[in-house]
Amino acid sequence: MFTRSHFPSLQEGYIYLDSASTSLTPQVVIDAMDTYYKDYRASSHRAMYASAVRATKEVEKVRVDIAHFIDAQEEEVIFTSGSTAAAQLLVATLEHNLKLQEGDEIVVTELDHHATFVPLQMLAQRKKMKLTVVPADEKFRVTEEAFAKCITPRTKIVSLIHASNVTGTIIPVERYAALAHENGAFVIIDAAQTAGHITLSFKKLGADALFFSGHKMCGPTGVGVLALKQKWIERCIPPYGGGGTVHSVDAEKTIFLPHKSKFEAGTLPIAEIIGLGKAVAYIQGISPGSIQAHSTELVAYALSCLGQKPWVSVYVGEDNVGVVSFSIAGVHPHDIAHIFAEHSIAVRAGFQCAELISRKLSSSGVVRISVYGYTTKEDIDACMRALDSVQKTFSI
Ligand SMILES: Cc1ncc(COP(=O)(O)O)c(C=O)c1O
């Protein structure tokens with residue numbers, strides 16, 4: 001798996017079990033950004049001097065690398081500042097370009113993250129559209145039956161989370177995208193929890209758009225990717241204008257570029273894109289499937305340990321990306337997280353920016369442990385010791 005010494009923030013004694021919030025960063029990523037700042041700091045796509053040309057080349061190389069990484073075309077890769085920014089850009093694009101009518105429908109799932117759920121709910125309210133939420137079943141899955149029931153001829157937009165950040169459940173989005181397309185809907189996949197964990201194919205998943213964040217897959221904060229099918233890139237007017245998006249501007253009108261740059265208004269997060277490129281290379285240096293196999297093993301180990309603590313209620317999807325949530329009756333998740341922090345263990349507590357599913361699991365939310373390629377069984381053992389402290393403190 002990942003070599004722990006590659007991650008400078010993994011100090012001795014610090015147990016990091018919050019990778020679903022943000023992953024740690026290997027030194028190679030930090031070095032690549034450092035080199036940009038020290039050796040060729042300049043704006044990309046704007047000038048002809050050597051450092052600017054190099055910055056442009058590096059950014060465009062990352063675009064090609066990302067295209068390979070997610071099996072998309074280079075022309076479909078749009079850089080954003082993260083998943084949430086990608087979702088906002090997408091929702092604004094759809095609002096401007098689809099002929100959305102009162103009574104049309106948007107379908108989201110109960111597992112969806114606020115990054116898509118909230119902007120789509122806001123869109124539904126603005127346009128007087130119906131927002132349908134596909135419920136998760138008792139195993140935290142979105143079944144084909146439940147999904148199919150929610151799709152109607154009036155469904156215009158479907159949002160599917162590829163893996164839940166609360167229960168870790170991987171959703172078979174490929175099948176659902178096909179079903180939504182049969183009804184003419186636009187399909188969005190939130191791959192924030194799967195990018196860098198499982199192999200992605202934008203082509204095979206069949207969605208119109210897919211997005212993810214760099215910082216959850218060994219990359220820096222402040223960069224993300226929106227993959228948008230070529231036909232939509234050609235067809236859509238961008239919702240935001242700015243430098244780098246235009247073919248020509250005069251006092252009367254602006255003519256936008258015909259390609260993906262029309263969605264990249266303003267100066268790109270150049271250092272972050274370069275760092276993301278290194279993160280992709282770092283992940284690709286690990287044999288395919290091994291990150292998920294490692295996570296699966298750790299989740300199984302955590303479940304076997306938790307099985308010995310019947311006072312802990314566990315919420316975990318079977319086909320899992322490396323996330324285990326739990327709650328303890330009568331103990332607030334924040335109190336549990338505080339005790340974990342005293343043991344130098346980093347976990348997330350609360351509604352996890354996915355309030356629908358978290359609140360359904362437990363009224364004050366859950367505690368989440370999430371693993372990645374640098375997590376060890378010893379980290380899980382430390383977590384179990386912290387849980388014993390919780391038990392003692394609250395006399396459970
Ligand atoms: C499933 C999912 N989607 C979207 C996001 C939003 O990502 P970001 O905060 O990087 O925009 C997250 C982050 O927690 C997530 O877990």
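Structure: above.
Residues numbered from 1 in each chain as written. Predicted model: local features only at pLDDT ≥ 70, side-chain atom pairs only at ≥ 80, totals over all residues.

Turning our attention to the overall build of the protein. Along the backbone of the protein there are 13 helices and 15 strands. A compact globule built from 396 residues should have a C-alpha radius of gyration of about 21 Å, and the protein, at 22 Å, falls within 12% of that. Each principal axis of the C-alpha distribution contributes one length, and for the protein these read about 70 × 55 × 35 Å. Among the 396 residues that make up the protein, the fraction classed as buried is 48%. Here the analysis covers contacts within the protein between residues at least 6 apart in sequence; of these, 70% occur between residues at least 24 apart. (Helix = DSSP H or I, 4+ residues; strand = E, 2+ residues; numbered from the N terminus. Rg over C-alpha atoms; globule rule 2.2 N^0.38 Å. Buried ≥ 20, exposed ≤ 12 C-beta atoms within 10 Å, placed from the backbone. Contact = placed C-beta atoms within 7 Å.)

As a further point, take the packing of helix H2 (residues 50-69) against helix H9 (residues 270-284). Where H2 meets H9, the axes come as close as 9 Å, and the angle between the chain directions of the two elements is 40°. Accordingly, the angle class assigned to the pair H2 and H9 is oblique. H9 is crossed by H2, and the crossing has left-handed handedness. Residue-level contacts link Ala55, Glu58, Val59, Lys61, Val62, Asp65, Ile66 and Phe69 of H2 to Ile270, Ile273, Ile274, Leu276, Gly277, Val280 and Gln284 of H9. Looking at the contact of H2 with H9 residue by residue, the classes come out as 10 nonpolar, 2 polar and 3 charged. (Axes fitted to C-alpha atoms, helices over the stretch in contact; angles between N-to-C directions. Parallel < 35°, antiparallel > 145°, perpendicular 65-115°, else oblique. Left-handed = near helix turned anticlockwise from the far one by under 90°. Nonpolar A, V, L, I, M, F, W, Y, C, P; charged D, E, K, R; others polar.)

Around the ligand, the neighbouring residues are Gly82, Ser83, Thr84, His113, Ala115, Ile161, Asn165, Asp190, Ala192, Gln193, Ser213 and Cys353. Taken together, the residues of the shell around the ligand break down into 4 nonpolar, 7 polar and 1 charged. (Near = placed C-beta within 6 Å.)

With that settled, the discussion passes to the pairing of strand E3 (residues 105-109). The element E3 is largely enclosed, with a buried count of 5 among its 5 residues. In the sheet, E3 pairs with strand E4 (residues 130-134) via 5 bridges, with the strands oriented parallel. Counted as the bridge partner of Thr109 is Val134 from E4. Of the crossover connections in this fold, the one passing from E3 over helix H4 (residues 114-127) to the parallel E4 is right-handed. Pairing of E3 with strand E5 (residues 155-161) involves 3 bridges; the strand directions are parallel. Paired with Val107 across the bridge in E5 is Val158. (Pairing = 2+ DSSP bridges. Right-handed = clockwise from strand over helix to strand, strands pointing away.)

Turning our attention to the nonpolar core. Counting 120 residues, the largest nonpolar core has Leu160, Val187, Leu226 and Ala227 as its most contacted members. Both of domain 1 (4-17 + 288-393) and domain 2 (27-284) provide at least three residues apiece to this core. (Core = buried A, V, L, I, M, F, W, Y, C linked by C-beta atoms within 7 Å. Domains from an automatic or database assignment.)

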